[in-house]
Amino acid sequence: MKYKIIKFLRDAFPFIAVIFLWRLSVTFWNPAGILAIIPIFYCSFVCPVPWFAPFALLFCFLIDYRFDTLLFWTVMYLIFYAINGFQTFLDITRIDKNALYVFMVFFGVCVLLLTISHLNINNLMRGAWLFAWVSTLYVPICALIKKVYYDR
């Protein structure tokens, strides 16, 4: 019985991580729960988790709801999902460093589009901070997910 509970919690960990990071919304450190984009990206593209894509799509929509962006993160996720599905020369699942640089390109393009949509010095600094902060936290969050979910 104990091992079934542990197995269930390990299987549910990527989903719980997304919910936790989305709910842990703080204005400066985690605006609108944007840190949830890290397990969404990692568990959708780098180390795919079964049945995670619909869940990720729902939480991209919920990030949009909190960010007050009209389907921006949802559309960006779907665009990257389509690009990843049609690609033939780059396998994200086999890139070293948990595909950190691919995530930085994905997140950097998203932040850049959000920043230039209302360009001023305040948004420019906020975008730079958000990019640096989320890119820095990508490594420990992915390591935690890999340790709990994939190391059995």
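Residues numbered from 1 in each chain as written. Predicted model: local features only at pLDDT ≥ 70, side-chain atom pairs only at ≥ 80, totals over all residues. Heavy atoms only, no water.

Q: Hey, could you go over the pattern of salt bridges for me, with residue numbers and the actual values?
A: Overall, the coordinates contain two salt bridges when judged by the stated rule. Put simply, aspartate 11 and lysine 7 hold a salt bridge, and the shortest N to O gap is 2.8 Å. With a gap of four residues between them, aspartate 11 and lysine 7 both fall in helix α1 (residues 2–23), about one helical turn apart. Overall, the relative accessible area of 27% leaves aspartate 11 in the partly exposed class. The salt bridge involving arginine 94 is made with aspartate 91; its shortest N-O contact spans 3.1 Å. Exposure remark for arginine 94: the relative accessible area of 73% places this residue in the exposed category. On the accessibility criterion, aspartate 91 (34% relative accessible area) is partly exposed. (Salt bridge = Lys/Arg side-chain N within 4 Å of Asp/Glu carboxyl O. Helix = DSSP H or I, 4+ residues; strand = E, 2+ residues; numbered from the N terminus. Buried < 20%, exposed > 50% of the residue type's maximum accessible area, 1.4 Å probe, protein only.)

Q: Describe in detail the packing of α1 against helix α2 (residues 37–46), supporting the description with residues and values.
A: Viewed as axis vectors pointing N to C, α1 and α2 meet at an angle of 155 degrees, and their least axial separation amounts to 8 Å. Between α1 and α2, the angle is such that the two are roughly antiparallel. As for the relative orientation of α1 and α2, their crossing is left-handed in sense. For the pair α1 and α2, contact is made by Pro14, Ala17, Val18 and Leu21 and by Pro39, Ile40 and Cys43, respectively. Split into classes, the residues belonging to the contact of α1 with α2 amount to seven nonpolar, no polar and no charged. (Axes fitted to C-alpha atoms, helices over the stretch in contact; angles between N-to-C directions. Parallel < 35°, antiparallel > 145°, perpendicular 65-115°, else oblique. Left-handed = near helix turned anticlockwise from the far one by under 90°. Contact = heavy atoms within 4.5 Å. Nonpolar A, V, L, I, M, F, W, Y, C, P; charged D, E, K, R; others polar.)

Shape is all these values report; function is a separate question.
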